[in-house]
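If you want the building blocks of each chain, they are given just below.
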Amino acid sequence: MAAPAAQEESSEVALAAALADVPELARLLETDPYLKPFASDLQRRYKQFTGTLDNIRENEGGIDKFSKGYESFGIHRCADGSVYCKEWAPGAEGVFLTGDFNGWNPFSYPYKKLDFGKWELYIPPKQDKSAIVPHGSKLKVVITNKSGEILYRISPWAKYVAREGDNVNYDWIHWDPEHPYKCKHVRPKKPRSLRIYESHVGISSHEGKVASYKHFTYNVLPRIKDLGYNCIQLMAIMEHAYYASFGYQITSFFAASSRFGTPEDLKELVDTAHSMGITVLLDVVHSHASKNSEDGLNMFDGTDSCYFHSGPRGNHDLWDSRLFAYSNWEVLRFLLSNIRWWLEEYAFDGFRFDGVTSMLYHHHGMGEGFSGDYHAYFGLQVDEDALIYLMLANHLAHTLYPDSVTIAEDVSGMPALCCPISQGGVGFDYRLAMAIPDKWIQLLKEFKDEDWNMGNIVHTLTNRRYLEKCIAYAESHDQALVGDKTLAFWMMDAEMYTNMSVLSPFTPVIDRGIQLHKMIRLITHGLGGEGYLNFMGNEFGHPEWLDFPRKGNNESYHYARRQFHLADDDLLRYKFLKNFDRDMNKLEERCGWLAAPQVYIPSRVALILQNVDLPN
């Protein structure tokens, strides 16, 4: 009997030590006592986080200075007209700058090697004090590796890249305009209730083409404001070589996608949204990177490591992409500087972090069911280097701008992901309630209407961790993609093409589809979380899926667009769905149910709802 007693005493000692090290851990354990056996894990994570901050302070002067890497790395025009260049290429034997400015001579401007794999170059100004590298000129970093190869690369810190004509690869273009865009409007305060319009600039026109930042600014922002959304989440902004990747195969992390316009155009978009009181979030992809090397981050210095893990650990088998080495000092500088860049240069108000589940675990969530057993969230399967990076990113964003909003795309249910770092959490404000859209699709595919179990629906909508905020949604861009169907298409399918005119009588299919579409959104809005999200066009039941131009569809843009004009046509029934969405958001704005405290929904309420007759 002595062994269990000793084990219990050891556990109590470990718990006391954890409570002493993590300032507000007691609050977390009071909220969720099931975390007590894992207090030592939470303690270790917190101490690793604070230890990293201490190291940054001792070696770099603090995270404020450390996260301004973009001010020295890359290429910069100095006040006296000189040009300063800096890169991190630990595997390179030599580094050079070439471009229009020197007739593409690969070796006339060599960098000087510094400690820790860094290289720098100083180019004096011309006699007239102007910079030798003008705005708009094309550049390349030339790398010579240990085997003597000559590699032409785009700087990881490039602020603008563009593709000319039929070129496959992007060109690095020095962006240094004489009159950069200056923001005119202040950032809005963090919304009490978050109503998010998930948006993709390129598909925001009804025309079969890539729409522009300016088109979105002048045509879509007013529509979003009218619909009652107070936040937009912009997808596919960080530059990606393959349009059909939906922005999830990033090649240039500091460059706003040139296919939609210039950096100044994007700044105007964000500033205009702020003038309307709309918060703007960036869909940030730090979970992986494109395998492209000539116009991406991969193999930058001629090695398979540099920014990524070398060997199998550096590859994501499912996504066919590279995985960051989050514990590497310069990788931390790069990613944290990237967070700050989008907050400060473009005035974004926060982020939706993509692929958080993949980041949190060495298995990347592949083949894992996450049944709720807490042992799945702790132990050797957790990539604590990535987890610490996420803590640092949240700390930085909320330190710089306390009203910043951060959202985690996590399907695993990692405990304390959306709790303050001081409690041992990761520091996100919200997580996506990813089980909700799956429930609606399951009901529509597998059950008759009369067999829907309201108690099960309410349980799914309210089944979330206490005091950890969720963003609820009935469907997002995932459900709109080709190969799946939107909710409207699941319910009305082909009749959406023939029976949506108000001049024709309601058919049972259209009648059921419109009314059920409204009710699904309303109950999701009302019970599903502390925020609500809708993908652009789904508010009026967009009649077609989303499919980007690719070989499989003969590079067609027919499905890579949003037909907003359908909802504006008084002769079509799409307007009823749009108007309901607007009224729902406006009602929430007045009543504030998203920001209301979490409540327990008794089973008897679910039974009452089960027997409510839906109105026509």
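An unreviewed UniProt entry lists the protein under the name 1,4-alpha-glucan-branching enzyme isoform X1, from Echinops telfairi.

### As for the nonpolar core
One finds Trp342 and Trp440 to be the most contacted residues of the largest nonpolar core, which totals 174 residues. Here Trp440 is in contact with Trp452, Ile457, Leu461, Ala474, Leu487, Ile520, Ile523 and Thr524, once residues within four sequence places are set aside. Judged by nonpolar contacts, the second largest core, of 12 residues, contains Leu194, Val405, Met434 and Ile471.

### Focus: the state of the cysteines
Under the criterion given, the structure shown has zero disulfides. With no disulfide of its own, Cys85 lies 8.9 Å from the sulfur of Cys78, the closest cysteine sulfur. Cys85 sits in the buried class, given a relative accessible area of 0%. There is no disulfide at Cys231, and the cysteine sulfur nearest it, in Cys418, is 15 Å away. Look at Cys231 and you get buried, because its relative accessible area is 0%.

### Digging into the pairing of strand E3 (residues 94–99)
Of all six residues that make up E3, six are buried, and the element is covered over most of its length. Here E3 shows two buried faces, one formed by Gly94, Phe96 and Thr98 and the other by Val95, Leu97 and Gly99. As paired strands, E3 and strand E6 (residues 138–144) are joined by six bridges and run antiparallel to one another. The residue bridging Phe96 from the neighbouring strand is Val142, located in E6.

### Digging into the packing of aromatic side chains
Two measures describe an aromatic ring pair: the distance that separates the ring centres and the angle between the ring planes. In the structure shown here, the tally under the stated rule is 41 aromatic pairs. Judged by centre distance (4.5 Å) and plane angle (10 degrees), the ring pair of Phe38 and Phe378 falls under stacked. With Phe38 in the loop between helix H2 (25–31) and helix H3 (39–60) and Phe378 in the loop between helix H8 (356–360) and helix H9 (384–400), this pair connects stretches of sequence that are 340 residues apart. Residue classification places Phe38 among the buried positions, given a relative accessible area of 9%. Relative accessible area serves as the criterion here: at 4%, Phe378 is assigned to the buried category. Judged by centre distance (5.3 Å) and plane angle (70 degrees), the ring pair of Phe254 and Phe334 falls under edge-to-face. Here the residue Phe254 occupies a position in strand E13 (residues 250–256), and Phe334 occupies one in helix H7 (residues 329–344), the gap between them amounting to 80 residues. A single burial state applies to Phe254 and to Phe334, both of which are buried. The cationic tip of Lys485 hangs over the ring face of Trp490; the distance from NZ or CZ to the ring centre is 5.0 Å.

### A closer look at unusual backbone geometry
Only a minority of non-glycine residues have a phi that is not negative, and only a minority of peptide bonds are not trans. For Ala236, which is not glycine, the phi torsion reads 60 degrees and is therefore positive. Looking at the secondary structure, you find Ala236 in the loop between strand E11 (231–235) and strand E12 (238–240). The exposure class of Ala236 is buried, given its relative accessible area of 4%. For Glu555, which is not glycine, the phi dihedral falls at a positive 60 degrees. Checked against the element boundaries, Glu555 lands in the loop between strand E21 (531–535) and helix H15 (565–568). Of the residues examined, Glu555 reaches a relative accessible area of 45% and is grouped as partly exposed.

### Considerations on the sheet that holds strand E18 (residues 405–408)
Pairing is parallel around the closed barrel formed by eight strands, whose spatial order is E10-E11-E14-E17-E18-E19-E20-E21. Strand after strand, the sheet turns through a mean of 30 degrees between neighbouring axes, direction not considered. Here two bridges tie strand E20 (residues 470–472) to E21, and the two strands are oriented parallel to one another. Its bridge partner being in E21, Ile471 is matched across the sheet by Gly531.

### What about the packing of H7 against H9?
Running from N to C, H7 and H9 cross one another at 30 degrees; their axes reach a closest spacing of 10 Å. With respect to each other, H7 and H9 are oriented roughly parallel. Of the two possible hands of crossing, H7 and H9 adopt the one that is right-handed. Contact with H7, carried on its side by Leu332, Leu335, Leu336, Ile339, Arg340, Leu343 and Glu344, involves Tyr389, Leu392, Ala393, Leu396, Ala397 and Leu400 of H9 and no other residues of that element. Within the contact of H7 with H9, the residues separate by chemical class into 11 nonpolar, no polar and two charged.

### A look at the packing of helix H5 (residues 213–227) against helix H16 (residues 574–591)
Across the interface, H5 lies against H16 with an axial gap of 8 Å and an inter-helix angle of 60 degrees. Taken together, H5 and H16 sit at an angle that is classed as oblique. Taking contact as the criterion, the partners of Lys225, Asp226 and Leu227 in H5 are, on H16, Lys578, Asp581, Arg582, Asn585 and Lys586.

### A look at the pattern of salt bridges
Going through the model one piece at a time under the given rule, you end up with 44 salt bridges. Put simply, Lys214 and Glu268 hold a salt bridge, and the shortest N to O gap is 2.8 Å. Taken together, the residues span a long stretch of sequence, with Lys214 in helix H5 and Glu268 in helix H6 (residues 263–275) at a distance of 54 residues. On the accessibility criterion, Lys214 (37% relative accessible area) is partly exposed. Exposure remark for Glu268: the relative accessible area of 13% places this residue in the buried category. Several salt bridges converge on common partners, so that one network encompasses Asp32, Asp410, Arg431, Arg465 and Glu468.

How each quantity is defined
- Residues numbered from 1 in each chain as written.
- Predicted model: local features only at pLDDT ≥ 70, side-chain atom pairs only at ≥ 80, totals over all residues.
- Heavy atoms only, no water.
- Core = buried A, V, L, I, M, F, W, Y, C linked by side-chain atoms within 4.5 Å.
- Buried < 20%, exposed > 50% of the residue type's maximum accessible area, 1.4 Å probe, protein only.
- Contact = heavy atoms within 4.5 Å.
- Disulfide = S-S within 2.5 Å.
- Helix = DSSP H or I, 4+ residues; strand = E, 2+ residues; numbered from the N terminus.
- Pairing = 2+ DSSP bridges.
- Phe/Tyr/Trp six-rings, centres within 6.5 Å; stacked < 30°, edge-to-face > 60°.
- Lys NZ or Arg CZ within 6 Å of the ring centre and 35° of its normal.
- Axes fitted to C-alpha atoms, helices over the stretch in contact; angles between N-to-C directions.
- Parallel < 35°, antiparallel > 145°, perpendicular 65-115°, else oblique.
- Left-handed = near helix turned anticlockwise from the far one by under 90°.
- Nonpolar A, V, L, I, M, F, W, Y, C, P; charged D, E, K, R; others polar.
- Salt bridge = Lys/Arg side-chain N within 4 Å of Asp/Glu carboxyl O.

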